[in-house]
Amino acid sequence: MLKGKKIVLGITGSIAAYKACYLIRNFIKRGAEVQVVITPAGKEFITPVTLSALTHKPVVSEFFSQRDGSWHSHVDLGLWADAMVVAPCTASSMAKMANGVADNMLITTYLSMKAPVFIAPAMDLDMYKHPSTQHNMQLLKSYGNHIIEPQSGFLASGLEGKGRMEEPDAIADAIDRFFDEQEGRSSATSLQGKHILVTAGPTYERIDPVRFIGNFSSGKMGFALAEECLKRGAQVTLVTGPVSLECSQGIKRIDVESCDQMYKAVTEAFDGQDAAILSAAVADFRPEHVADHKVKREGDGMAIRLKPTQDIAAELGRRKKEGQRLVAFALETDHEEDNARGKLKRKNADFIVLNSTRVKGTTFGTDDNQIMIINAQGAKKFDKKPKAEVAKDIINELENIL
């Protein structure tokens, strides 16, 4: 948890500088206070006005203010911060940091920093692979800095995406984990030896080769759950529908498209799991007939006959053995608690995570959620919070019954 933490965010001259906006928003959502320090080259990619609007603080770039000549103290920033994050960090800035070339405000702030420093490299693959870059990276590690590199993803050439800046969510997660461990809140072994299956995202049910029936799920809740299980030491299998998200390397990821594909992947994996968390928004119906060619627009309308898809939650509830746990989700628009309690019984789940489309700024496509956890004994209501924090509440509940 980053509540009350003070973070200096260093931004250098990389095309990935735009991602700093998402990183700032992520830090602030988790309760942190952010001060941006940007290099002159960084301002060529993103304006200080944009960054200041997000942090509600003037952006520091030069040693002296152009307005009144007042001095920006890099020493004060080094004492103020609980952490410094340089993201994106170019090969040039990395070289200056490694060798003490203090020719701009960001580098002098880094050299004065008393708090832990996290560096997210951002450059093309050839620059990243160059021996000088690798040497500088090793130097920075030897100084006690933390290098945050992408855990997954591929370049167009098919080479592993090293050098590409890690995604903002993953960077924020890394900082979050660091403070949890430093402050004795680490639960890194609480699920050690456990096998957890998580489903995430939507399913797409094809109408023809170019059209489908789907929903607005982004997969963010399911991915947050998978990451939280991994943090606690579990072996995680993530079965996900079509989403644009990435997950940590330690997660076994299975990508699917349709309900039938998800059903097959989940039922094949379930026997070896201690628990399954079914957060995917699986389609309840699919077209009875799928055209093998693009259906042309003809006449005044088109009728599509639908048939039910496989009920994944019900099947796992039927297969569940002694000691296995099943967590299902219910997204409702009305009579929320009654519908969720009915689903709890029908699916033979251990508890239901209920959320509602009537709570604005939650559910599909958002970074926040507000849930109620319902089991046979009763219900617990939770406040609206970031999905990474909601995931902690859900996994805490699961740990209580594993």
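Structure: see above.
All values reported here derive from a predicted model rather than from experimental measurement.

**So, the pattern of salt bridges**
Then step 1. Applying the stated criterion across every chain yields a total of 29 salt bridges.
Then step 2. Where Arg 286 meets Asp 260, a salt bridge forms, and the shortest distance between an N and an O atom there is 3.9 Å. Placement of the pair is Arg 286 in strand 12 (residues 285-287) and Asp 260 in helix 10 (residues 259-270), with a sequence separation of 26 residues.
Then step 3. Residue classification places Asp 260 among the partly exposed positions, given a relative accessible area of 33%.
Then step 4. Three or more residues are tied together by salt bridges with common partners; here these are Lys 19, Arg 164, Glu 167 and Glu 246.

**A closer look at helix 7 (residues 131-142)**
Then step 1. Here helix 7 spans 16 Å end to end across twelve residues, near enough to the 16 Å set by a 1.5 Å rise per residue.
Then step 2. Here helix 7 has its buried residues at Thr 133, Asn 136, Met 137 and Leu 140. The buried residues of helix 7 occupy an angular sector of 100° when the element is viewed end-on, so they sit on one face. Exposed residues pointing more than 90 degrees away from the buried face of helix 7 are listed as Pro 131 and Ser 142.
Then step 3. Elements in contact with the buried residues of helix 7: helix 4 (91-99), helix 5 (105-112), strand 4 (117-121), helix 6 (125-129) and strand 5 (146-147).

**Section: a nonpolar patch on the surface**
Then step 1. Taken together, the side chains of Phe 285, Met 302, Ile 304 and Leu 306 make up a nonpolar region of the molecular surface, amounting to roughly 370 Å² of accessible area.
Then step 2. Locating Leu 306 in the fold gives a position in strand 13 (residues 306-308).
Then step 3. The class of Leu 306 is partly exposed, set by a relative accessible area of 38%.

**What to know about the nonpolar core**
Then step 1. In this structure, Leu 9, Phe 27, Val 36, Leu 51, Val 85, Ile 171 and Ile 175 are the most contacted members of the largest nonpolar core, which totals 32 residues.
Then step 2. Within the residue set of this core, elements represented by two or more residues are strand 1 (6-11), helix 1 (19-29), strand 2 (33-38), strand 3 (83-89), strand 4 and helix 8 (168-182).
Then step 3. Broken down by element, the residue count for this core peaks at six residues, all from helix 8.
Then step 4. Leave out the neighbours within four places in its chain, and Val 36 touches Leu 9, Ile 11, Ile 24, Leu 51, Thr 55, Val 59 and Val 60.

**Quick look at the packing of helix 10 against helix 11 (residues 312-319)**
Then step 1. Close contact between helix 10 and helix 11 brings their axes to 10 Å; oriented N to C, the two are set at 15°. Considered as vectors, helix 10 and helix 11 are oriented roughly parallel to each other. For the pair helix 10 and helix 11, the sense of crossing is right-handed. Residues Cys 259, Met 262, Tyr 263, Val 266, Thr 267 and Phe 270 of helix 10 form the contact with helix 11, whose participating residues are Ile 312, Glu 315, Leu 316 and Arg 319.
Then step 2. A per-class count over the contact of helix 10 with helix 11 returns seven nonpolar, one polar and two charged.

The rules behind these values
Residues numbered from 1 in each chain as written. Predicted model: local features only at pLDDT ≥ 70, side-chain atom pairs only at ≥ 80, totals over all residues. Heavy atoms only, no water. Salt bridge = Lys/Arg side-chain N within 4 Å of Asp/Glu carboxyl O. Helix = DSSP H or I, 4+ residues; strand = E, 2+ residues; numbered from the N terminus. Buried < 20%, exposed > 50% of the residue type's maximum accessible area, 1.4 Å probe, protein only. Expected span 1.5 Å × (residues − 1). Arc of directions from axis to C-beta. Contact = heavy atoms within 4.5 Å. Patch = residues over 30% accessible without salt bridge, like charges linked within 9 Å, V, L, I, M, F, W, Y side chains within 5 Å. Areas by Shrake-Rupley, 256 points an atom, 1.4 Å probe, with all protein chains shown as cover. Core = buried A, V, L, I, M, F, W, Y, C linked by side-chain atoms within 4.5 Å. Axes fitted to C-alpha atoms, helices over the stretch in contact; angles between N-to-C directions. Parallel < 35°, antiparallel > 145°, perpendicular 65-115°, else oblique. Left-handed = near helix turned anticlockwise from the far one by under 90°. Nonpolar A, V, L, I, M, F, W, Y, C, P; charged D, E, K, R; others polar.

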